[in-house]
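Chain by chain, the residues run as shown.
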Amino acid sequence: MEILKFCKAVGDETRARLMNVLLRYELNVGEIVQLMDMGQSRISRHLKILAESDLVDCRRDGLWAFYRASDSGMGRRFLDGVAPLLDGEPMFEKDLARAERVIRERTAQTRQFFDSIADEWDRLNSEVFGDLDLRGEVIGRMPQCKIAADLGCGSGELLALMASKAGTVIGVDNAPKMLELAEERFLGDARMSLRIGELSHLPLRDGETDCAVVSLVLHHLARPQEALVEAERILRPGGRLLVAEFDKHTNEIMRTDYGDRQLGIGKDQMLGWLEGAGFTVSEVTEYNVNMGLTVILYEAVKE
Ligand SMILES: C[S@@+](CC[C@H](N)C(=O)[O-])C[C@H]1O[C@@H](n2cnc3c(N)ncnc32)[C@H](O)[C@@H]1O
């Protein structure tokens, strides 16, 4: 009986705590071990029980696995029913605060990574893209507009090109060293506005931009869909979003040498997130690049 299967699966304090956290966050085993402060074998055993009971989905990503609460089927319906019982319980609240801290630490690691490789970024970029002029492809799809934003702008190569299509260009990044390089590049250029900030809380007002670009950033984030929701917020109705992202792949070098959190994002997953954030996708273009990777360019309009 389904109900007995589900009740047995959550009928244990550790598994109930795991469920509570995985309802809000997608995490890998290392992150779960850190926040629950338990051994990996114990955590893996509980995760296996939850996954076998269809309450948790395991998403394989190269050598890593990410876990989150099931988002469909009977398991999801059961979770939606019991979720209110988890609210307000001090132990569960504490776990959520720890999960938030673990994600913040991971974001800080990404920031440190980009600070440390800022000077080398151009070389790393050409290693992956070879002859493909990805930035040119992005700019070719940008409309002429008043205000455009590059979200996760890095050292600003794309920003410089965006200025040919927009009156004002806003660059946002959370790595101070990357932004410093962008500042040096655009010293005294009043059309450039560089802002330090997180993609999950953009330092822009609602509807401030006509066009936004998110190029090769989402695979660094713990919750990429949050960044798309934010991008939707800062675009005016009818505004254009351009997303460049690696398709799902298995090249672990991107994690070890390029600091990626996840090995690309599958096309269906990305289309679902874009639609969920309130975009209509008008065109999708794929390019094969070096190291067995494919980069996908999504053009979307805020509905
Ligand atoms: C791979 S680089 C891409 C840079 C540029 N968009 C391009 O296409 O060349 C990723 C950039 O995203 C920034 N980034 C990563 N996570 C971020 C976050 N949570 N919030 C803001 N920026 C972030 C990094 O600092 C880095 O500059």
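For the structure given in this document, a descriptive report is provided here. Note that the coordinates shown come from a computational prediction; the quantities given were computed from them, not determined experimentally.

Procedures and definitions
- Residues numbered from 1 in each chain as written.
- Predicted model: local features only at pLDDT ≥ 70, side-chain atom pairs only at ≥ 80, totals over all residues.
- Heavy atoms only, no water.
- Phe/Tyr/Trp six-rings, centres within 6.5 Å; stacked < 30°, edge-to-face > 60°.
- Lys NZ or Arg CZ within 6 Å of the ring centre and 35° of its normal.
- 1 Å grid on protein atoms, 1.4 Å probe; cavity = no way out; pocket = protein on both sides within 12 Å on 5 of 7 lines; lining within 4 Å.
- Points joined across faces, edges and corners; volume = space filled by probe spheres on them.
- Helix = DSSP H or I, 4+ residues; strand = E, 2+ residues; numbered from the N terminus.
- Domains from an automatic or database assignment.
- Nonpolar A, V, L, I, M, F, W, Y, C, P; charged D, E, K, R; others polar.
- Pairing = 2+ DSSP bridges.
- Right-handed = clockwise from strand over helix to strand, strands pointing away.
- Axes fitted to C-alpha atoms, helices over the stretch in contact; angles between N-to-C directions.
- Contact = heavy atoms within 4.5 Å.
- Near = heavy atom within 4 Å.
- Polar contact = N/O pair within 3.5 Å; in protein donor to acceptor, adjacent residues only side chain to side chain.
- Areas by Shrake-Rupley, 256 points an atom, 1.4 Å probe, with all protein chains shown as cover.

Turning next to the packing of aromatic side chains. For the coordinates displayed, the defined rule picks out four aromatic pairs. Arranged with centres 6.2 Å apart and planes meeting at 45 degrees, the rings of W64 and F66 form a pair that is tilted. Sitting over the face of the ring of W64, R255 holds its NZ or CZ atom 4.0 Å from the ring centroid.

On to the layout of surface pockets, then. Counted as a void, the largest pocket has a volume near 920 Å³. Counting only elements with at least two residues in the lining of the largest pocket, the list comes to helix 6 (90-117), helix 7 (121-129), helix 8 (134-140), helix 9 (157-162) and helix 11 (224-234). Top element by residues in the lining of the largest pocket is helix 6. It accounts for nine residues. Formed jointly, the lining of the largest pocket draws a minimum of three residues from each of two domains, domain 1 (2-116) and domain 2 (119-302). Along the walls of the second largest pocket sit 18 residues, with Y25, E26, R68, Q225 and W273 positioned nearest its centre. Elements with a contribution of two residues or more to the lining of the second largest pocket: strand 3 (64-69), helix 11 and helix 13 (267-276). Of the residues that constitute the lining of the second largest pocket, the class distribution is seven nonpolar, three polar and eight charged. Both of domain 1 (2-116) and domain 2 (119-302) provide at least three residues apiece to the lining of the second largest pocket.

Taken in spatial order, the three strands of this open sheet run 1-3-2, and their pairing is antiparallel. Each of the sheet's edge strands pairs with one partner strand only, and the pair in question is strand 1 (27-28) and strand 2 (56-61). The pairing of strand 1 with strand 3 spans two bridges and is antiparallel. Within the sheet, the bridge partner assigned to N28 lies in strand 3 and is F66.

Here we come to the pairing of strand 6 (residues 192-196). With five bridges joining them, strand 5 (residues 166-173) and strand 6 adopt parallel strand pairing. Along strand 6, the bridge assignment pairs V172 with R195. Read as a crossover between parallel neighbours, the route from strand 5 over helix 10 (residues 176-185) to strand 6 is right-handed.

This part takes up the sheet that holds strand 4 (residues 145-151). Overall, mixed pairing links the seven strands, which are arranged 6-5-4-7-8-10-9 in an open sheet. Either end of the sheet is taken by a strand with one partner, and the two such strands are strand 6 and strand 9 (279-288). Each adjacent strand pair in this sheet contributes to an overall mean axis angle of 15 degrees, direction not counted. As paired elements, strand 9 and strand 10 (residues 294-302) share nine bridges and run antiparallel to each other. Residue pairing for strand 10: V281 is matched across the bridge by A300. Helix 10 rests against strand 5 and strand 6 of the sheet, and its axis sits at about 165 degrees to strand 6. Strands strand 4, strand 7 (209-215), strand 8 (235-246), strand 9 and strand 10 of the sheet are contacted by helix 11, whose axis makes an angle of about 150 degrees with strand 8.

Taken together, 19 residues surround the ligand, and among them G152, D173, E198, L199 and S215 come closest. Taking N174, its main chain carries an N or O atom lying 3.3 Å from a nitrogen atom of the ligand. A distance of 2.7 Å separates an oxygen atom of the ligand from a polar side-chain atom of S215. Its free accessible area being 600 Å², the ligand has 97% of it covered by the protein chains.

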